[in-house]
Every structure is written in structure tokens, then in C-alpha cells.
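Summary of structural features
Residues per chain are reported as follows:
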Amino acid sequence: MSALRVRGLGVDLGGAAILRDLDLDARAGALVGLLGPNGAGKSTLLRALCRLIPIRSGEIAWDGRPLARMSARERATRLAFLPQGQTLHWPISVRRLVELGRLPRLGPLGRIGAADEVAVAAAMAAADVAHLAERAATSLSGGERARALLARALAVEAPALLADEPTASLDPHHAVAIMETLRRIAREGRLVLAVTHDLGLAQRFCDRIILIDEGRIVADGAPDAALTPERLRAVYRVDPAVLTGWTPARQDQPRPL
Ligand SMILES: Nc1ncnc2c1ncn2[C@@H]1O[C@H](COP(=O)(O)OP(=O)(O)OP(=O)(O)O)[C@@H](O)[C@H]1O
């Protein structure tokens, strides 16, 4: 089964060390939540994995092949990236926006074929934007735009999806629907690495949680093992009793109401 392998990853930005000597192994078939406080380095990690920013040290490999030795097109078909809070400037239709996800897979003439149309339709259905297909992407609400952009990332049909806060602007119904979609496509055989600040959704839907603080992995495991009250207190600097959504694992004391 396909797998991501990261060894000794170091990234500097603006002269500061943002990621430090980070090791990570993740296999297709799992929805992995990437959690941690603001500024911990979560987006930096996803951007480094896609090689959108230079790395200072370390190696990133997919299926044993270092990304550094792949062409940009090959990398784009292995690792699909859904960036955080993207703005859209051109009034192209949602269908055209989602079709752009197929770019790394198109031939030299750039023509959309039958297989591409099937992938685009499936991606729009999965992200619940099929009914918006002919709307101008610039006219969408924040949540609709987030789902259209997710559809574009899904249309790549890459074996790995790196999603930066895919539920950030979604209402509860769509947030749950998108987490269900991410879990389903993971179970179908993809690796999904999703950044989120929603502890409740992460606990409920993720197979595994990686908690990052100050550029280092401080916990990695099943949700209840990774998100202990002690760790949440240390990393987020809040009293876990005030957190909504997240509930302590059964062996912990119940939260006061
Ligand atoms: N281009 C840059 N130049 C300098 N510093 C940067 C740059 N981009 C990010 N940083 C810094 O790197 C650190 C990690 O940023 P990153 O966006 O990875 O955090 P994050 O964990 O995704 O945070 P959030 O939850 O707020 O999205 C932050 O301190 C940020 O200010």
C-alpha cells in the first residue's frame, strides 16, 4: 500500500526554524488529523510535503521515491494539496474550477476526456457542489467556495490528499459531511492528511492524530491516546474542561458540566 515517509525534515522561514528534525510515516487507508496551536507549523509541514517551499534538511518520499527526484507534474499526481482559505479572482464556473484539478493528468493538448469528466463529476458529488456546477466560482459563499476547492483537490485523484483546514468555514452539516467524505476516500485507499482546529471532529473522524507544537511532533496515535487532557492543556494552554466537542477518553474523569 502507498506510503509517505519523512525523515529529518527541517524548514526555515524568515530566518527562523519552523520545523525541526521531523520524522513521519503514514500509509494510505487512513484519515490523519494534523493538530496543534496557531503557528505550530502545520501549514508549513503540508507546504513542505508538496515542495511548495524549500526545505533546509531531510527527505520526503512517496512509495519509496524521493519527491526531489520527481517532476512537478508527477508530484502533483501523487500529492493533491488543498490550501487554506484560498481566494478566487476569475469568475470561471465551478465545473471549470474543478476541471483544473485534472491539469497534471491531461495530455499535451490539455483536452478534457471521458475519464476526466467522470473524475470531475465524482469530485463534485463528494464535495456536494454538483448543483453549483454552472455558478461563477467568485459568486459562492465562503463555505460553498471551500467545498468547490475541495472538489478540485479530489478531482486530481491523487493517492494522497493534504488538506489545510478543509472544514474551517463550513456549517456543522457540511463540516460533518466533508469529514465523512475524507474518511471514506481514506478507507477506499488514499492517505488523507487534514489540518483542523476542531478537536471534536478530529476525535470523531480521524484514525490517527498527529499533534504538533513549535515545529515538533509531540503526540502521534489514536485520537483518545493523542488528545489527553494533559496534552491539550500543555499544547493549547487551556483548561480542557472548557473545550467543546472534544470529550475525554473513557478512562478519564468526566468533564464537569
Ligand atoms: N513566509 C514566512 N516568513 C516568515 N515566517 C513565516 C512564514 N510563513 C509562516 N511563517 C511562520 O511560521 C510559523 C508556522 O506557521 P504555519 O502557518 O505553518 O502555522 P500553523 O500551525 O499552520 O498555524 P495556524 O493554525 O495559525 O494556521 C508561524 O510562526 C508563522 O508566522
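Here the structure is a predicted model, which is why all the values come from computation and not from measurement.

**Some details on the environment of alanine 155**
- In this structure, alanine 155 sits in helix α5 (residues 142–155).
- Sequence separation of alanine 155 and methionine 124 is 31 residues, and the distance between their C-alpha atoms is 8.1 Å.
- When sequence neighbours within four positions are dropped, the list of residues in contact with alanine 155 reads Val98, Gly101, Arg102, Ala119 and Ala123.

**A closer look at empty space enclosed by the protein**
- Taken as a whole and judged by the stated rule, the model has one cavity of 30 Å³ or more.
- Roughly 30 Å³ of volume is contained in the largest cavity.
- Lining the largest cavity, in full, are Gly33, Pro166, Thr167, Met179, Ala194, Val195, Thr196 and Cys206.
- Residue classes in the lining of the largest cavity are distributed as five nonpolar, three polar and no charged.

**So, the layout of surface pockets**
- In this structure, the largest pocket occupies an estimated 470 Å³ of space.
- Elements supplying a minimum of two residues to the lining of the largest pocket: α2 (72–78), β6 (79–82) and α5.
- Take the lining of the largest pocket: its biggest share by element is four residues, from β6.
- Residues of the lining of the largest pocket, tallied by class, amount to 17 nonpolar, two polar and three charged.
- For the second largest pocket, the calculated volume is near 200 Å³.
- In terms of lining, the second largest pocket is formed by 14 residues, of which the most central are Gly85, Gln86, Ala146, Glu165 and Ser169.
- Considered class by class, the residues forming the lining of the second largest pocket number six nonpolar, five polar and three charged.

**Overview of the UniProt feature "domain: ABC transporter" (unreviewed entry) in the chain**
- According to UniProt, the "domain: ABC transporter" (unreviewed entry) feature falls on residues 4–239.
- Between the first and last C-alpha atoms of residues 4–239 the distance is 34 Å; the span itself is 35% helix and 26% strand.

**A word on the sheet that holds strand β7 (residues 160–164)**
- Spatial strand order, β6-β7-β8-β3-β9-β10: six strands in an open sheet with mixed pairing. Each edge of the open sheet carries a strand with a single partner, namely β6 and β10 (216–221). In this sheet, adjacent strand axes meet at a mean angle of 15 degrees when their direction is disregarded.
- Judged from the five bridges that link them, strand β9 (residues 208–213) and β10 form a sheet pairing that is antiparallel. When the sheet's bridge partners are listed, isoleucine 209 is paired in β10 with glycine 221.
- α5 contacts β6 and β7 of the sheet and is inclined by roughly 175 degrees relative to β6.

**Considering the pattern of salt bridges**
- Under the criterion given, the structure shown has 13 salt bridges.
- Among the salt bridges present, the one from glutamate 74 reaches arginine 78, with a minimum N-O distance of 3.1 Å. Placement of both glutamate 74 and arginine 78 in helix α2 is noted, with a separation of four residues, approximately one turn of the helix.
- The class for glutamate 74 is buried, based on a relative accessible area of 19%.
- A salt bridge links aspartate 239 to arginine 233; its shortest N-O distance comes to 3.9 Å.
- In this structure aspartate 239 comes out as partly exposed when scored by relative accessible area, which is 39%.
- Arginine 233 gets classed as partly exposed once you look at its relative accessible area, which sits at 44%.

Definitions and limits used
Residues numbered from 1 in each chain as written. Predicted model: local features only at pLDDT ≥ 70, side-chain atom pairs only at ≥ 80, totals over all residues. Heavy atoms only, no water. Helix = DSSP H or I, 4+ residues; strand = E, 2+ residues; numbered from the N terminus. Contact = heavy atoms within 4.5 Å. 1 Å grid on protein atoms, 1.4 Å probe; cavity = no way out; pocket = protein on both sides within 12 Å on 5 of 7 lines; lining within 4 Å. Points joined across faces, edges and corners; volume = space filled by probe spheres on them. Nonpolar A, V, L, I, M, F, W, Y, C, P; charged D, E, K, R; others polar. UniProt positions renumbered as here; feature names shortened; annotations may be inferred. Pairing = 2+ DSSP bridges. Axes fitted to C-alpha atoms, helices over the stretch in contact; angles between N-to-C directions. Salt bridge = Lys/Arg side-chain N within 4 Å of Asp/Glu carboxyl O. Buried < 20%, exposed > 50% of the residue type's maximum accessible area, 1.4 Å probe, protein only.

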